[in-house]
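# A look at the structure
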Amino acid sequence: MAKVAFHYSGQVKTVEAKDGETILQIALDNAIPMEHACGGNGFCTTCMCQVKKGMENLSPRNDREENMGIVEDPDRLSCQAQVRGDVEVEVVEY
Ligand code: FES
């Protein structure tokens, strides 16, 4: 199990997640608001988050993230980044 801390709307919520789950799935499963206009398919960037800690505990950036221009730290697409350990992220709010 991994611990994922979400910073959003001026608060922090820490939840447990299984290895391999995406940040987006973990957020939605725990009622944490996160945009996902393309349904988690890596085609919109509305699920972008900023990784505050634990980038090394996420799956490497994949082609979809690179195609959408999400190539620099601390940005990741939440629907593509799978957790493999503890992570702390800032939800990008629109
Ligand atoms: S939900 Fe569209 S890129 Fe992640």
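The shown structure was predicted, so the numbers you read here are calculated from the model rather than taken from an experiment.

Rules of the game
- Residues numbered from 1 in each chain as written.
- Predicted model: local features only at pLDDT ≥ 70, side-chain atom pairs only at ≥ 80, totals over all residues.
- Core = buried A, V, L, I, M, F, W, Y, C linked by C-beta atoms within 7 Å.
- Buried ≥ 20, exposed ≤ 12 C-beta atoms within 10 Å, placed from the backbone.
- Helix = DSSP H or I, 4+ residues; strand = E, 2+ residues; numbered from the N terminus.
- Contact = placed C-beta atoms within 7 Å.
- Pairing = 2+ DSSP bridges.
- Axes fitted to C-alpha atoms, helices over the stretch in contact; angles between N-to-C directions.

### Section: the nonpolar core
Membership of the largest hydrophobic core comes to 23 residues, with the highest contact counts inside it found for Val4, Ile23, Ala27, Val83, Val87 and Val89. Listed by contribution, the elements that provide at least two residues to this core are strand E1 (2–8), helix H1 (23–29), strand E3 (48–53) and strand E5 (87–91). Top element by residues in this core is H1. It accounts for 4 residues. For Val87, the residues in contact, after removing those within four places along its chain, are Ala2, Val4, Val51, Lys53, Gly54, Asn57 and Leu58.

### So, the sheet that holds strand E2 (residues 11–17)
The 5 strands lie next to each other as E2-E1-E5-E3-E4, forming an open sheet whose pairing is mixed. Where the open sheet ends on each side, the last strands, each with one partner, are E2 and strand E4 (75–77). Taking each pair of neighbouring strands and ignoring which way they run, the sheet shows an average axis angle of 35 degrees. Bridging between E3 and E4 involves 3 bridges; their strand directions are antiparallel. Of the residues in E4, the one forming a bridge with Cys49 is Arg76.

### A closer look at the environment of Arg64
Within the secondary structure, Arg64 sits in helix H2 (residues 63–67). On the basis of neighbour count, Arg64 is assigned to the partly exposed category, with 15 C-beta atoms found within 10 Å. A C-alpha to C-alpha distance of 9.9 Å links Arg64 and Cys44, two positions 20 residues apart in sequence. Those residues within four positions of Arg64 in sequence are excluded, and the remaining contacts are Gly42, Leu77 and Gln80.

### Let's talk about the pairing of E2
Bridge count between E1 and E2: 7 bridges; the pairing is antiparallel. Paired with Ala2 across the two strands is Ala17, which belongs to E2. In sequence, E1 turns back onto E2 through a hairpin of 2 residues, with Ser9 there showing a positive phi of about 45 degrees.

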